[in-house]
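# Structural characterization, general
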Amino acid sequence: MKQAIFQKLVVLMTLLFPASLVLAEFQRGEHGMVSSRSDIASEVGKNILEQGGNAVDAAVAVGFALAVAYPAAGNIGGGGFMVLRTANGEVYTQDAREKAPLSSNRDMFLDTNGEFDRQLSRNSLLASGVPGSVAGLLDALERFGTMSREQVIAPAILLAEEGVVLNEDLANQFQRNISAFEQYPASIEKFSNNGIAYKAGDLWQQLALAETLKLISANGRDGFYKGPVADMLVATMQANEGLITHEDLENYEPVWREPIHGTYRGYDIWSMPAPSSGGVMLVQMLNMLEPYNLEEYGLGSAETVHLMVEAERRAYADRAEHLGDPDFYDVPSTMLTSKQYAQLRFTNFDPALASLSDDIGAGSWPQESTQTTHYSIIDAEGNTVAVTTTLNASYGNKFVVPGAGFLLNNEMDDFSSKPNTANGFGLLGGVANKIQPSKRMLSSMSPTIITQGDAVFLVTGSPGGSTIITTVLQVVVNAIDHNLNIENAVSSPRFHHQWQPNIIRYETDAITDQALIRLRAMGHQGLSISRFSLGDANSIMMINGRLEGVSDPRNVGGTAGF
Ligand code: DON
């Protein structure tokens, strides 16, 4: 009881005095560290750690707090992945990815001419997969947490009920999306002040969401997947040609899967397996890079960029062919992550010449045929959690479930609705990722933990759709090959290639001017400055037992350590 009052006080203080929340992007600590896209959510996680909760308790509290304080991607109506390493060195991954509803079908986003209807796959209720976040967070808490459900959800309830003082970032986001929210009464009600845009400094309360969170706190997963919240969700589906039924909700289960494990220059890489493409591709690309001396080539040099782009080109071609939900499709993860495969796949690498993406099909053994968010947490014992969670697009399909106060995802767009037709991130796919009832759509989310010997070295991950995997790759290479500290490993400008389209997008200064000239001469096409920043990698590094956390300076956010 005392603990609950203390918790309430701490949260209230942070609400009423937002100035005290101007947390550093970079923090050091010894006992615990949380890095997320929301300073409020990071503070919630730190409070849980300070009260004696472990990293999983904190991760669940942060997950629910993000659903309130960072609604573009924090969610209870979406899904996510968790990579968890316990203090004794066991690694687990949890797949709480959304699933296609039972009555979905392969061609549901094709019009009468067989053309892919992007509107339908992104901006309708058909775009929503069956949400996985609530089941995932609660299951993680039950298996690995030490605190009660009520304790870890309490901060989120309080934030929703008492309100959050809007910062510039959130107020601007709401304003930018106001015309999308205007399409749906419950959305405009939630994200505006009676139709008038909120301003920074306004108090923003979410009373309907608070009631939903209370039902989850009281009844566990049944508070979301059954009862009044489920009734409201299903009623809204029925009224708006959506597919999710009570049966879909009741059937939803998160899955614990074998982590993807690889090695890179003496470090161990632990990341998310399929239906994420992230872990497989990260290890595959690191395997391709390992024989080369990137440290000597230097950051942003033509040699480094060329090498990494060629690894990316091959890995993304493989993604389109080979990756999908392993419960439905035989994903060749062992082949794709083996050192031998990387060597074979790189035999046509020319150090002086760009490959043409059209010439790079998917590989096989020659003898055979704006929005997601990532947070990282380490506790005093060394338990480590990396979570990436999403509604897919920023604010998902923009549809708030009337009465229940939460946004729905538009994750169905991550399926390959039509072979060789790009999804919202320009990604291609085929049979492996076609829509099937109850199947999970392929993801790029790559929560990752890197260890050296018995110790955690790095916890990282990112949003950014297709750019997630190359963002994580660069954080890892910056830390391991270029010996950058966590601040620089994360802030260092990035570039991205994804096989198709055959272009290199880069942030200003990611590639030196001289390197740009050389890359063009090697035949690299479409080198262009990205209109958007690439990724948002809220990460933690452990150096000699000391924690260094950084929230990616590309966006506001906060680290909270002690
Ligand atoms: O799971 C995926 O790969 C996508 N739904 C992630 C979307 C995303 O990162 C958008 N963020 N900027």
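Owing to the predicted nature of the structure, the values given are computational and were not obtained by experimental measurement.

## Side note on the pattern of salt bridges
- Under the criterion given, the structure shown has 27 salt bridges.
- Between Glu507 and Arg554 there is a salt bridge, and its shortest N-O distance comes to 2.8 Å. You can see Glu507 sitting in the loop between β15 (505-506) and α21 (513-522) and its partner Arg554 sitting in the loop between β18 (546-550) and β19 (558-561), a full 47 residues away along the chain.
- Three or more residues joined by partner-sharing salt bridges are found here, namely Asp95, Arg257, Asp327 and Arg440.

## Some details on the packing of helix α2 (residues 39-50) against helix α3 (residues 55-69)
- At a minimum axis separation of 8 Å, α2 and α3 run at an interaxial angle of 155°. As summarised for this structure, α2 and α3 are arranged roughly antiparallel, according to the angle between their axes. The handedness of the crossing between α2 and α3 is right-handed. Together, Ile40, Ala41, Val44, Gly45, Ile48 and Leu49 of α2 and Ala55, Asp57, Ala58, Ala61, Val62, Ala65, Leu66 and Ala69 of α3 make up the contact between the two elements.
- Of the residues belonging to the contact of α2 with α3, the class tally is 12 nonpolar, 1 polar and 1 charged.

## Some words on the nonpolar core
- Ranked by internal contacts, the top residues of the largest apolar core, which has 81 residues, are Phe64, Ile76, Leu213, Ile216, Ile377 and Phe406.
- Not counting residues up to four positions away in its chain, the partners in contact with Ile377 are Met33, Val34, Leu49, Ala55, Ala58, Ala59, Val62, Asn383, Thr384, Val385 and Ile540.
- Core analysis: the next-biggest nonpolar cluster, separate from the first, contains 80 residues, Tyr267, Met288, Val305 and Met541 among them.

## Structural notes on the site of the ligand
- Close contacts around the ligand come from 15 residues, with Thr372, Glu411, Asp414, Ser443 and Ser444 the closest.
- Measuring from an oxygen atom of the ligand, one finds a side-chain N or O atom of Arg97 at 3.0 Å.
- Within the backbone of Ser444, one N or O atom sits 2.7 Å away from an oxygen atom of the ligand.
- Class assignment for the residues of the shell around the ligand results in 4 nonpolar, 8 polar and 3 charged.

## Notes on the domain arrangement of the protein
- Under the domain assignment, the protein is made up of domain 1 (2-11 + 23-254 + 378-385 + 395-410) and domain 2 (257-369 + 445-553).
- Summarising the inter-unit geometry, the C-alpha centres of domain 1 and domain 2 are found 28 Å apart.
- Across the contact, 29 residues belong to domain 1 and 29 residues belong to domain 2.
- Across the interface of domain 1 and domain 2, roughly 2600 Å² is buried in total on both sides, 64% from carbon and sulfur atoms.
- The largest per-residue losses of area from domain 1 upon contact with domain 2 belong to Glu25, Phe81 and Thr93, which jointly make up 24% of the total buried on that side.
- Taken together, the links from domain 1 to domain 2 amount to 4 salt bridges.

## Remarks on helix α7 (residues 168-176)
- Listing the buried residues of α7 in full gives Asp169, Leu170, Ala171, Gln173 and Phe174.
- Where α7 is buried, its residues contact α3, α8 (178-181), α9 (185-191) and β6 (203-204).

## Remarks on the confidence of the model for the protein
- The predicted model of the protein has a mean per-residue pLDDT of 94, with 94% of residues at 70 or higher.
- Long-range and interchain partners of residues 15-23, a stretch whose pLDDT sits below 50, account for 17 contacts in this model, where long-range means more than four residues apart.

## Considerations on the packing of aromatic side chains
- Counted by the stated rule, this structure contains 17 aromatic pairs.
- Stacked on the ring of Tyr225, the Lys or Arg Arg221 has its end atom at 4.7 Å from the ring centre.

## Looking at the packing of helix α14 (residues 278-289) against helix α16 (residues 302-322)
- In the contact formed by α14 and α16, the axes pass within 9 Å of each other and the chain directions differ by 140°. Along this stretch, α14 crosses α16, giving a crossing that reads as right-handed. Residue-level inspection shows Met281, Gln284, Met285, Met288 and Leu289 of α14 in contact with α16, the latter providing Leu307, Met308, Ala311, Glu312, Arg314, Ala315, Tyr316, Asp318 and Arg319.
- In the contact of α14 with α16, the residues fall into 9 nonpolar, 1 polar and 4 charged.

Rules used throughout
- Residues numbered from 1 in each chain as written.
- Predicted model: local features only at pLDDT ≥ 70, side-chain atom pairs only at ≥ 80, totals over all residues.
- Heavy atoms only, no water.
- Salt bridge = Lys/Arg side-chain N within 4 Å of Asp/Glu carboxyl O.
- Helix = DSSP H or I, 4+ residues; strand = E, 2+ residues; numbered from the N terminus.
- Axes fitted to C-alpha atoms, helices over the stretch in contact; angles between N-to-C directions.
- Parallel < 35°, antiparallel > 145°, perpendicular 65-115°, else oblique.
- Left-handed = near helix turned anticlockwise from the far one by under 90°.
- Contact = heavy atoms within 4.5 Å.
- Nonpolar A, V, L, I, M, F, W, Y, C, P; charged D, E, K, R; others polar.
- Core = buried A, V, L, I, M, F, W, Y, C linked by side-chain atoms within 4.5 Å.
- Buried < 20%, exposed > 50% of the residue type's maximum accessible area, 1.4 Å probe, protein only.
- Near = heavy atom within 4 Å.
- Polar contact = N/O pair within 3.5 Å; in protein donor to acceptor, adjacent residues only side chain to side chain.
- Domains from an automatic or database assignment.
- Buried area = accessible area lost by both parts, 1.4 Å probe.
- pLDDT = per-residue confidence, 0-100.
- Phe/Tyr/Trp six-rings, centres within 6.5 Å; stacked < 30°, edge-to-face > 60°.
- Lys NZ or Arg CZ within 6 Å of the ring centre and 35° of its normal.

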